Amino acid sequence: MDELQAPTKRRGRGGYQWVNQAVGGCAGVTFRLLAYTFLRWLPGRQGTYLVPAFFALHALTLFLHNLQLTPDLKPIPTPTPIVDDPNAPSYAQVVASNSAAASDESSDLELDATASSSSTTSPSNSLGLVQRKKNKNKSASSVATTTASADEDATPPSARSGASRLSALLFSTPSSSPTLNAFNLAINTLLLAACLDALWSPILGMQEHDLAFARVGQVDHSSVKILARIPPLATVVTPVNTTSEGLWQTEQTPGAGAKLAYRPSKPLGRWIMGPTLEVSEESDWTGVVRLDGLYASTEYEYRLLVPALSNAHHPSFPDIQSFTTFPDPALASFASPGAGTHFTFAATSCVKPGFPYKGPQYRREVIGAKYLMDSVVDNGVKFLVFLGDFIYSDSPVYPGPAKENYWKRYRQVMAAPYMKALLTKIPTMAIWDDHEIFNDFSASVASDHPERFPPASVAYDHYLGNVNPDPIKEDVRYFKFQHGDAAFFVLDTRSYRSANGAPDDEEKTMLGERQKVVFLDWLAKVNQTVTWKFVISSVPMQTLWSLSDDTWAGFQTEREAILDVMEWVPNVIVISGDRHEFAAASLRTTITEFSTSPLNQFYLPIRTLSQANNRGATGEDILLKYLPDGNSKFSTFEVDTRVANQPVVRVRVVIDGEEAWAVDVQGKQLEIPPPPKGIGSLGKSLMELLGFKKRSWF
């Protein structure tokens, strides 16, 4: 065998190596950026298509790059065997030879010195001297070059190699190290698994069929609505009759529903048997009961019992829950002796459990609900107004227009421990926005996709709508209610709106004609009878945001008609959500709006609000405060009318659990209107009703 083959340093092969590295580096960086934004910033459609695509592209480039890293094989000469030569010199001879060579070198040095000191030198001696100096200089130069080259190869390559490895690790670029490539692939695989978990677990899993809860919705001074989801029990022991010995005969039947019992707790009273909560599979095991004849400003306890056994706790509801009725508005009116209202409520919108993504064990976490629950306990919040986007039926993937899909989204939100604790603690009234149906939903979209609205509205009613205050008209979802000396009107901004892209003229509407008339009538009634008026809109009424055709900025003609009335009503506050940011603004100097969201969702990294946008440029809308950052935002409103001439609403904005801003909105004292002149007022009303005179709202 003449030679052996041994591996040397790996090197890339093929002319496309540089292209492969460039493509792999771009794919790796893009994949990690997309994965990060999907998991922590914006859970959008990029997680559905782009994240898997760039992962596959990057993995392919790593595979091809590793194939190029085949070893170079360099020939090694065959080792020469050691043979004992009898003619080889002895050790003494070698030493003597080395000594002679040293003596010759010394003689040469002496000869050089003699030649240099001589005044007459022969040409041959000079030539020999020059030649020897050249040889010695060449040898020294060669040694110096070799030493410098060795020093250069010794340290800089390692430093460059460390920087290259760090760059490859951070940016996931293909490296000459197969181990580093494998490590990068493992990191990216974990990121892909996290994205797939966040994307598909809410769709393919998290059914929450065993979810059981009971919560309070509408409350007034004499009644309350209670909604419960009661999954069916396997069997229930039901008494049938007694035997001749006086013993009960029983039978086991499938159990569904519950019996409600309640009592005043301060002072403590006896239990009163209430109505039965009837549930069925057609309503996803949800049901609503109403209790009437309650005392105003009174705390009550209630519990759910097995339907056939009136003294046995339902196994799904072991705890006693409570609620407090609102004060009587007649006694809280500013015109009543000793009148005054003092209470706090909260408002927010937009919930997506498990965001930002922290891992599979946090899929049901709604950390914003925990922050809000802390405020409920610390500040005595009486109720919550939820401003829309309670679920995200279409984010990041729309599973289809089946009511089961919408039901599951509501169950997932209600099954989140912090959210469940919050909603079972305080009364909650809610209105929908677009994501309860589909992104940017409108009535025109409903006509294009008629299959979406019916199942979405059914699921909304089962989990939110049926427990709201009774609607003002039949078959509508906008409603009103009152707490002491504060009145609320909750608008439905989705069911009747025109297409967002329609021309902004008198035909374009967000409310629909009937809702607009009802709303203006409400303003007329509360104008001088209630101190504070709260208008609840799921989308902002201010127009300072850009890219806002889905808000009132895209419906400015109708907005102007409404503001022409609202600006003359004292003490109006608009509360809105939707934008995943907080902003406070003054509208026509007499109306204040607070837009707060999300409770648990992403916030926009790009600033989209400016005083120069839309009506801000004319001064009609004036920005008061802008707080865009934070995954969790809510506002609390402390209403205080105990001093008649100094009504105030103290607003507190909480972002990620910390107070970010607080402001007091000072109101005006209402004037007690004089009694109407019987004939003149009656004649005016008749003229307006008969159409002989244009109707005035006040």
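Everything that follows concerns the structure shown earlier in this document.
Residues F345, F390, M419 and F534 are the most contacted members of the largest nonpolar core, which totals 96 residues. Top contributing element to this core by residue count: helix α9 (residues 403-415), with six residues. M419 has contacts with V351, V366, A369, F386, F390, V413 and L599, leaving out every residue within four places of it along the chain. Counting 28 residues, the second-largest nonpolar core is a separate cluster that includes L520, W552, V572 and V574.

Turning next to the sheet that holds strand β4 (residues 224-229). By definition, the strands of a sheet pair up through backbone hydrogen bonds, in either a parallel or an antiparallel sense. Strand order in the open sheet formed by three strands is β3-β4-β9, and the pairing between neighbours is antiparallel. Each edge of the sheet is formed by a strand with only one pairing partner; in this case those strands are β3 (213-219) and β9 (286-291). Taken pair by pair, the neighbouring strands of this sheet meet at an average axis angle of 20 degrees, ignoring direction. Judged from the six bridges that link them, β4 and β9 form a sheet pairing that is antiparallel. Residue pairing across strands places L227 opposite V288, the latter belonging to β9. Running over the sheet, helix α12 (residues 453-463) touches β3, β4 and β9 and is turned about 115 degrees from β4.

In this structure, P396 follows S395 across a cis peptide bond, with omega equal to -5 degrees. Summarising the element assignment, P396 is placed in the loop between β13 (381-386) and α9. Cis geometry marks the peptide bond from S597 to P598, where omega comes out at 0 degrees. Topologically, P598 is positioned in the loop between β20 (591-595) and β21 (621-627). Residue S172 is not a glycine yet carries a positive backbone phi of 60 degrees. Mapped onto the elements of the fold, S172 is located in the loop between α5 (156-171) and α6 (178-204). Even without a glycine there, the phi angle at R588 is positive, about 55 degrees. By the secondary structure assignment, R588 is in the loop between β19 (582-587) and β20. Among the residues examined, R588 registers a relative accessible area of 16% and is labelled buried.

This paragraph deals with the side chain of Q46. Mapped onto the elements, Q46 comes out in the loop between α1 (17-41) and α2 (50-68). If sequence neighbours within four positions are ignored, Q46 has contacts with L34, T37, F38 and V51.

What follows is about the pairing of strand β15 (residues 479-483). Only one face of β15 is buried: it carries F479, F481 and H483, and the other face, with K480 and Q482, is open. For β15 and strand β16 (residues 486-490), the ladder comprises five bridges, and the chain directions are antiparallel. Considered in β16, the bridge of Q482 is made with A487. Two successive antiparallel strands, β15 and β16, enclose a turn made up of two residues, where G484 displays a positive phi of approximately 60 degrees.

As a working rule, side chains carrying opposite charge can pair if their charged atoms are close by. The full count for this structure, using the stated rule, is 31 salt bridges. D550 is the partner of R497 in a salt bridge, and the nearest nitrogen-oxygen pair spans 3.1 Å. Of the two residues, R497 sits in the loop between β16 and α13 (513-526) while D550 sits in the loop between β17 (532-536) and α14 (556-566), which places them 53 residues apart along the sequence. In this pair, the class of R497 matches that of D550, namely buried. Across the pair E558 and K516 runs a salt bridge, and its minimum N-O distance is 3.8 Å. One end of the pair, E558, is in helix α14; the other, K516, is in helix α13, and 42 residues separate them in sequence. Across this residue pair, the class does not change: E558 and K516 are buried.

The strand order across the open sheet built from six strands is β14-β13-β12-β22-β23-β24, with neighbouring strands paired in mixed fashion. Whereas interior strands pair on both sides, the edge strands pair on one side only; in this sheet they are β14 (428-430) and β24 (658-666). The sheet shows a mean angle of 20 degrees between the axes of neighbouring strands, direction not considered. Note: strand β12 (residues 342-348) against strand β22 (residues 633-640), six bridges, orientation antiparallel. Across the sheet, residue T344 finds its bridge partner in β22, namely E638.

Topologically, V376 is positioned in helix α8 (residues 367-379). Residue V376 is classed as buried on the basis of its relative accessible area, which comes to 5%. Spatially, the C-alpha atom of V376 lies 8.5 Å from that of A346, the residues being 30 residues apart in sequence. Setting aside residues no more than four positions away along its own chain, V376 makes contact with V381, L422, K425 and I426.

Here we come to a negative patch on the surface. There is a patch of like negative charges on the surface, built from D504, D505, E506 and E507. Classification of E506 as exposed rests on a relative accessible area of 74%.

Let us look at the packing of aromatic side chains. In this structure the tally under the stated criterion is 34 aromatic pairs. Taking 5.6 Å as the distance between ring centres and 55 degrees as the angle between the ring planes, the aromatic pair formed by F31 and F55 counts as tilted. Here F31, found in helix α1, pairs with F55, found in helix α2; they are 24 residues apart in sequence, far enough to count as distant. When sorted by exposure, F31 lands in the same class as F55, which is buried. Grouped by ring-pair contacts, the aromatic residues F326, F343, F345, F383, F479, F481, F488, F534, F594 and F637 constitute a single cluster.

The subject of this paragraph is a nonpolar patch on the surface. A cluster of nonpolar residues, W18, V19, V23 and L57, forms a patch on the protein surface that exposes about 390 Å² of accessible area. Take the nonpolar patch: its biggest share by element is three residues, from α1. Note that V19 resides in helix α1.

Counted residue by residue, α14 has eight buried out of eleven residues, so it is predominantly covered. Residues of α14 that are buried: Q556, E558, R559, E560, I562, L563, V565 and M566. The inward-facing, buried residues of α14 abut α13, β17, β18 (572-576), β19, β20 and β21.

A few words on a positive patch on the surface. The grouping of K473, K480, R514 and K525 at the surface amounts to a positive patch. With relative accessibility at 57%, the residue K525 sits in the exposed group.

Looking at where L627 falls in the secondary structure, it is placed in strand β21. For the pair L627 and H580, spaced 47 residues apart in sequence, the C-alpha separation works out to 10.0 Å. When neighbours within four sequence positions are excluded, L627 is seen to be in contact with E581, F582, K633, V653, I655, A660 and W661.

Attention now moves to helix α10 (residues 417-425). Among all positions of α10, only M419, L422 and L423 are buried. Each buried residue of α10 sits inside an arc of 90 degrees when the element is viewed along its axis, so together they form one side. Contacts made by the buried residues of α10 are with β3, α8, β13, α9 and β14.

The rules behind each value
- Residues numbered from 1 in each chain as written.
- Predicted model: local features only at pLDDT ≥ 70, side-chain atom pairs only at ≥ 80, totals over all residues.
- Heavy atoms only, no water.
- Core = buried A, V, L, I, M, F, W, Y, C linked by side-chain atoms within 4.5 Å.
- Buried < 20%, exposed > 50% of the residue type's maximum accessible area, 1.4 Å probe, protein only.
- Helix = DSSP H or I, 4+ residues; strand = E, 2+ residues; numbered from the N terminus.
- Contact = heavy atoms within 4.5 Å.
- Pairing = 2+ DSSP bridges.
- Axes fitted to C-alpha atoms, helices over the stretch in contact; angles between N-to-C directions.
- Salt bridge = Lys/Arg side-chain N within 4 Å of Asp/Glu carboxyl O.
- Patch = residues over 30% accessible without salt bridge, like charges linked within 9 Å, V, L, I, M, F, W, Y side chains within 5 Å.
- Areas by Shrake-Rupley, 256 points an atom, 1.4 Å probe, with all protein chains shown as cover.
- Lys, Arg positive; Asp, Glu negative; His and termini not counted.
- Charge placed at Lys NZ, Arg CZ, Asp CG, Glu CD.
- Phe/Tyr/Trp six-rings, centres within 6.5 Å; stacked < 30°, edge-to-face > 60°.
- Arc of directions from axis to C-beta.

It is worth stressing that arrangement in space is one thing and function is another; only the former is reported here.
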